[in-house]
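Given next are the chains, with one letter for each unit.
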Amino acid sequence: MLRIEDLSVAYGNVKALEGVTLEVAHRGVLHGVIGPNGAGKSTLMDAITGRRKPTRGKVFVDGRDITHLNVVQRRRLGMSRSFQRTSIFPGIRVGEQLELVASQLDENDLNGIVDTMQLAAVYDEIADSIAYGDQRRVDIALALIGQPSLMLLDEPAAGLSTSETVTLFEHLAAVVRKRNVTALVVEHDVDAVFRFCDAITALDLGRLLASGSPAEVRSNPLVIAAYLGTAA
Ligand SMILES: Nc1ncnc2c1ncn2[C@@H]1O[C@H](COP(=O)(O)OP(=O)(O)O)[C@@H](O)[C@H]1O
Ligand SMILES: [Mg+2]
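Just so it is clear, the structure is predicted and the values come from calculations on it, not from any experiment.

Caption draft 1: Representation of the overall build of the protein. For the protein, the helix and strand inventory stands at nine helices and ten strands. In terms of overall dimensions, the protein is globule-like: its C-alpha atoms have a radius of gyration of 17 Å, near the 17 Å expected for 232 residues. Going through the 232 residues of the protein one by one, you find that 54% of them count as buried. Put simply, of all contacts in the protein between residues at least 6 apart along the chain, 67% involve residues at least 24 apart. Summed over its atoms, the accessible surface of the protein is roughly 10,600 Å², and 50% of this surface lies on carbon and sulfur atoms.

Below you can see the structure in the form of structure tokens.
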């Protein structure tokens, strides 16, 4: 459903991504993206969603070359995202923000999303007054609006404790199956990634180290040397 071919992104003379090729075969998959700070994870998300133009390479969705499409066109094709920082608007109720986005994107199953993300209890609360863990679920709910086929989540568990991260990943693993959406999720907690993700991509210094099943990536010597060796 998603194919990235020889993708490179440069910021001036900083090569943030270099020749990354990657494939996500199916819908309904939780796909983790790991790598140290500066590895190019956020840049990869930006290049897939169209926020950042690649200097080389192509992005295909369902076999169609979408490299030339902008963010809005890609959103219409079923690509949504959340950011490394929250997308919650301060001062308005959780439900109001969800309804606003749902009306813009012709979502007719907002109740289902609220239910799946267990947001009924905070629906009438002011969005920035609710617990941080609840805010992260609102972020994911916002990305689920409009029946996306592909969600890109950049560190949705940032700022959460280890046990809150596990709970969030339990939610994510359930939501991708229930709504048949693939989520590409950047996460620092490698234990959570190896436990919950169906597939994993490891980046380092803008290059692809490994991509495959958790077992394949865990046993990859490059991954062990460059990443797990220091983090574990
Ligand atoms: N807007 C930018 N301008 C210049 N350099 C950037 C910018 N964004 C990221 N970089 C650089 O690109 C590289 C990859 O960054 P990033 O994709 O944010 O990595 P990650 O998300 O894995 O931490 C880093 O060297 C970073 O300093
Ligand atoms: Mg980042």
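Caption draft 2: Representation of the nonpolar core in the model. One finds Leu 30, Leu 98 and Met 151 to be the most contacted residues of the largest nonpolar core, which totals 49 residues. In this view, Leu 30 contacts Phe 169, Leu 172, Ala 173, Val 176, Ala 183, Val 185, Phe 196, Cys 197, Asp 198 and Ala 199; residues no more than four positions away in its chain are not counted. Formed by 25 residues, the second largest nonpolar core is a distinct cluster that contains Leu 44, Val 59, Leu 150 and Leu 184.

Caption draft 3: Broad picture of the pattern of salt bridges. Under the defined criterion, the tally for this structure stands at ten salt bridges. Here Glu 18 and Arg 207 are joined by a salt bridge, their closest N and O atoms 2.9 Å apart. Separated by 189 residues along the polypeptide, Glu 18 in strand β2 (residues 14–24) and Arg 207 in strand β10 (residues 207–212) bring together distant segments of the chain. Between Arg 51 and Asp 46 there is a salt bridge; the shortest N-O distance is 3.1 Å. Asp 46 sits in the buried class, given a relative accessible area of 9%. Ionic contacts of the salt-bridge type, sharing partners, join the residues Arg 3, Glu 5 and Glu 23 into one network.

Thresholds applied
- Residues numbered from 1 in each chain as written.
- Chains lettered and ligands numbered in written order.
- Predicted model: local features only at pLDDT ≥ 70, side-chain atom pairs only at ≥ 80, totals over all residues.
- Heavy atoms only, no water.
- Helix = DSSP H or I, 4+ residues; strand = E, 2+ residues; numbered from the N terminus.
- Rg over C-alpha atoms; globule rule 2.2 N^0.38 Å.
- Buried < 20%, exposed > 50% of the residue type's maximum accessible area, 1.4 Å probe, protein only.
- Contact = heavy atoms within 4.5 Å.
- Areas by Shrake-Rupley, 256 points an atom, 1.4 Å probe, with all protein chains shown as cover.
- Core = buried A, V, L, I, M, F, W, Y, C linked by side-chain atoms within 4.5 Å.
- Salt bridge = Lys/Arg side-chain N within 4 Å of Asp/Glu carboxyl O.

Worth remembering: the numbers are spatial, not functional.
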